[in-house]
Amino acid sequence: QWRQQLREVWLCRQIESLESAQVRRHMQSSLRPILLCCDNQPERVDHQWCPALASLSQLSHWHGGQLAADHRRLMETVVAQDELLNQLRSTQPRLPAPRTIRRHVKAEIESMVSNEMYVAAYRQHQSYRKAAEELSRQTGQKITKDKVARAVAAMEDS
């Protein structure tokens, strides 16, 4: 538990081991990881993604033959790292989700059949239904008679 949320804590002997695709993939699927490194000064491996980093040598000491952690200092370090990561994420452009991209591409393709094409098909066939059937056959898209009627009405209004 960390501030009413679950977080996973990882112990890493060498920061270079994060380069392993398997380790990285597993860590990226974990719950907001905190990475404790044995290295003296851990550096960010990747600015796109990296967990909160903390050095064990700066957060712990030997006390009576046991490793004692300074919890307050660990908390301060992780909070500072989280803030830094949030700033890095906020400055990077966010890419739209693949579903959003597909929706935009589909809308763009549908708009390729312009009002002029609807009106030209209507004038040629003198029927909304026949114009829609012909345009559907030509474009491979499902075009309804209502779309043709709306396009013709829009062209007549303008």
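Quick note: structure is the one above.
Here the structure is a predicted model, which is why all the values come from computation and not from measurement.

> How would you explain the overall build of the protein chain if you had to name every residue and give the values?
Looking only at helices and strands, the protein chain has seven helices and five strands in total. Counting helices and strands in the order they occur from the N terminus, the protein chain gives β-α-β-β-α-β-β-α-α-α-α-α. Looking at the 158 residues of the protein chain, the share that counts as buried comes to 29%. Counting only contacts in the protein chain whose residues sit at least 6 apart along the sequence, the fraction spanning at least 24 positions is 49%. Of the roughly 11,900 Å² that the protein chain leaves accessible, carbon and sulfur atoms contribute 51%.

> Can you break down helix H5 (residues 115–125) residue by residue, with the values?
What H5 keeps buried is the set Tyr118, Val119 and Ala121. Looking down the long axis of H5, one finds its buried residues gathered within 160° of arc, a one-sided arrangement. Exposed residues lying more than 90 degrees from the buried face of H5 are Arg123 and Gln124. On its buried side, H5 packs onto helix H6 (128–139) and helix H7 (145–157).

Scoring rules and cut-offs
Residues numbered from 1 in each chain as written. Predicted model: local features only at pLDDT ≥ 70, side-chain atom pairs only at ≥ 80, totals over all residues. Heavy atoms only, no water. Helix = DSSP H or I, 4+ residues; strand = E, 2+ residues; numbered from the N terminus. Buried < 20%, exposed > 50% of the residue type's maximum accessible area, 1.4 Å probe, protein only. Contact = heavy atoms within 4.5 Å. Areas by Shrake-Rupley, 256 points an atom, 1.4 Å probe, with all protein chains shown as cover. Arc of directions from axis to C-beta.

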